[in-house]
Amino acid sequence: MNVHESEKIAGMLSDIGYDAATSAEEADVIVFNTCCIRDTAEKRAYGNIGALKGLKKTNPEKIIAVVGCMTQQKGGAEALAAKFPFVDVILGTNSLDMLPILVQQKRAKTARIVVNEDPTVDVSVDLPIHRTSGTNAWINIMYGCNNFCTYCIVPYVRGRERSRAISEVLADVKQVLSEGYKEITLLGQNVDSYGSDLKDGTNFAALLKEISALPGKFRLRFMTSHPKDFNKEVVDVIASSRNICHNIHLPIQSGSNEILRRMNRKYTVEQYLDIVEYIKAKMPDVGITSDIMIGFPGETEEDFKATCDLVEKVRFSNAFTFVYSPRKGTPAAKMEQIPADVKKSRITRLVKLQNDVTKRLSDDYIGNVYEILIEDVNPKYPGTVCGRTDSGRLVTVNGDPSLIGEFCDVKITKSRSASLFGEIVTKENQ
Ligand code: SAH
Ligand code: SF4
């Protein structure tokens, strides 16, 4: 989501004549696109903004802007303005379209701080987009979130769920396909509830079906699904389509029903396992990924062990693991917190366990042939390019950048934890 917002920022600035710079020293305008989902992200943003004080002092004409959801928190913009008086422009996510105007005004030395605190206004839909994600195009299908998980700041800074009309989404998809993109990722905080606010009978399964039926060879991905809403109808659409990837990101957060209840997640471990079983039965080659959080207030050793059991049971192909971080204004921040050393020990154990699971799954790929969409060069290994399997696993092969954007059949020859390595067997159109 933030990468895509950065694309919109780049698009707007390029429309008023700016090109990408290679360093902060060289840049005329520096935009920080912040995130407040966890304390670490917020602290890093504070550190990075603070680090520019000297540069601004020696180059006062440089324009520094701070945007993103950190500015959208209650009092967040004011706190940033007070702490960093050298910052020229501070904008909320919903007033992002004012960035070019303010940058130009600042050039004329009349800049001011503007924050739109109303998170229900979407101005970003029609913003120019300077896409930076290579073969993949991100497309928002909805904004905001209604779920109020008790640890999460998103509903407070992004407002309630607003789905874009199916016609608008389809127009965007057709546009990026005509520009040559080979992969589309539909974005939303809870894509499975897409359409529930449109009141025209549209739902996520119908949207997937319409997009997947468009002509041409391309891949379709989406994120994020919420286990309470992800349903068998969507699984059936994916399983019977020719181009919706068998890669499902289904955040579980915890393997303990008591913790899930206090997180307000509205599903149980049993319901989660039920849908996972259905997915695996319909798509044996699926890659299921997840978000897992440890250290939620009151998490006991038993609760944590239940999470580890679930990781073993589901065998996620990969997982984003998070240490719970209290967010001001959310219910969980007021609950009794668990000690930092306990959190540290649990995250270390969880990461090790998930790495073991990922490594074991990686070994299952060896010797088989998979279709890969080549996305980029792999800078770690000169002379190679990389791309992903339909199930979402990264594969590195020998090849040159001319292959980027092509589908190739690749035989997997070795694995190194989450990374796979292989040889091209056939290229597209061969
Ligand atoms: N809408 C998505 C994800 C949104 S945020 C969903 O419901 O899954 C991405 C991930 O950040 C979450 O899945 C959660 O694991 C993590 N996260 C959110 N708030 C957090 C917090 N306060 N502390 C630690 N991790 C958090
Ligand atoms: Fe946050 Fe929960 Fe909404 Fe995801 S579903 S954005 S975790 S409140």
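This structure is a prediction, so every number in the text was calculated from the model and none was measured.

Definitions and cut-offs
Residues numbered from 1 in each chain as written. Chains lettered and ligands numbered in written order. Predicted model: local features only at pLDDT ≥ 70, side-chain atom pairs only at ≥ 80, totals over all residues. Heavy atoms only, no water. Near = heavy atom within 4 Å. Polar contact = N/O pair within 3.5 Å; in protein donor to acceptor, adjacent residues only side chain to side chain. Areas by Shrake-Rupley, 256 points an atom, 1.4 Å probe, with all protein chains shown as cover. Nonpolar A, V, L, I, M, F, W, Y, C, P; charged D, E, K, R; others polar. Domains from an automatic or database assignment. Core = buried A, V, L, I, M, F, W, Y, C linked by side-chain atoms within 4.5 Å. Buried < 20%, exposed > 50% of the residue type's maximum accessible area, 1.4 Å probe, protein only. Helix = DSSP H or I, 4+ residues; strand = E, 2+ residues; numbered from the N terminus. Contact = heavy atoms within 4.5 Å. Axes fitted to C-alpha atoms, helices over the stretch in contact; angles between N-to-C directions. Parallel < 35°, antiparallel > 145°, perpendicular 65-115°, else oblique. Left-handed = near helix turned anticlockwise from the far one by under 90°. Phe/Tyr/Trp six-rings, centres within 6.5 Å; stacked < 30°, edge-to-face > 60°. Lys NZ or Arg CZ within 6 Å of the ring centre and 35° of its normal.

A. Focus on the site of ligand 1. Taken together, 15 residues surround ligand 1, and among them Tyr151, Gln189, Gln253, Asp291 and Ser325 come closest. Residue Tyr151 places a main-chain N or O atom 3.0 Å away from a nitrogen atom belonging to ligand 1. Contacts to ligand 1 include Asp291, whose side-chain N or O atom sits 2.6 Å from an oxygen atom. In isolation ligand 1 has 540 Å² of accessible area, and contact with the protein removes 90% of it. Looking at the shell around ligand 1, its residues break down into seven nonpolar, four polar and four charged. Both domains that meet at the shell around ligand 1, namely domain 2 (133-245) and domain 3 (248-266 + 279-363), each give it at least three residues.

B. Summary view of the nonpolar core. Residues Leu186, Phe204, Leu208, Ile211, Phe230 and Ile279 are the most contacted members of the largest nonpolar core, which totals 69 residues. Among the elements that take part in this core, helix 7 (residues 166-178) stands out by supplying six residues, more than any other. Looking at which domains feed residues into this core, each of domain 2 (133-245) and domain 3 (248-266 + 279-363) supplies at least three. Excluding residues within four positions of it along the chain, Phe230 makes contact with Asp192, Phe222, Ser225, Val235, Ile238, Ile248, Leu250, Ile275 and Ile279. Of all hydrophobic cores here, the second largest spans 20 residues; its members include Cys36, Ile49, Val66 and Phe84.

C. Fine view of the packing of helix 7 against helix 8 (residues 204-212). The N-to-C vectors of helix 7 and helix 8 enclose an angle of 30°; their axes lie 11 Å apart at closest approach. Overall, the two elements helix 7 and helix 8 adopt an arrangement that is roughly parallel. Crossing handedness for the pair helix 7 and helix 8: right-handed. Contact residues: helix 7 offers Ile166, Val169, Leu170 and Val173, while helix 8 offers Leu207, Glu210 and Ile211. Class assignment for the residues of the contact of helix 7 with helix 8 results in six nonpolar, no polar and one charged.

D. Highlighting the packing of aromatic side chains. For the coordinates displayed, the defined rule picks out 10 aromatic pairs. Judged by centre distance (5.1 Å) and plane angle (75°), the rings of Phe204 and Phe222 are edge-to-face. Residue Phe204 is located in helix 8, and its partner Phe222 is located in strand 8 (residues 219-223); the two are separated by 18 residues in the primary sequence. Using a relative accessible area of 5% as the deciding quantity, one classes Phe222 as buried. Here the guanidinium or amino end of Lys217 rests over the ring plane of Phe407, the centre of that ring lying 4.3 Å away. Lying over the aromatic face of Phe421, Lys414 brings its terminal NZ or CZ to 5.2 Å of the ring centre.

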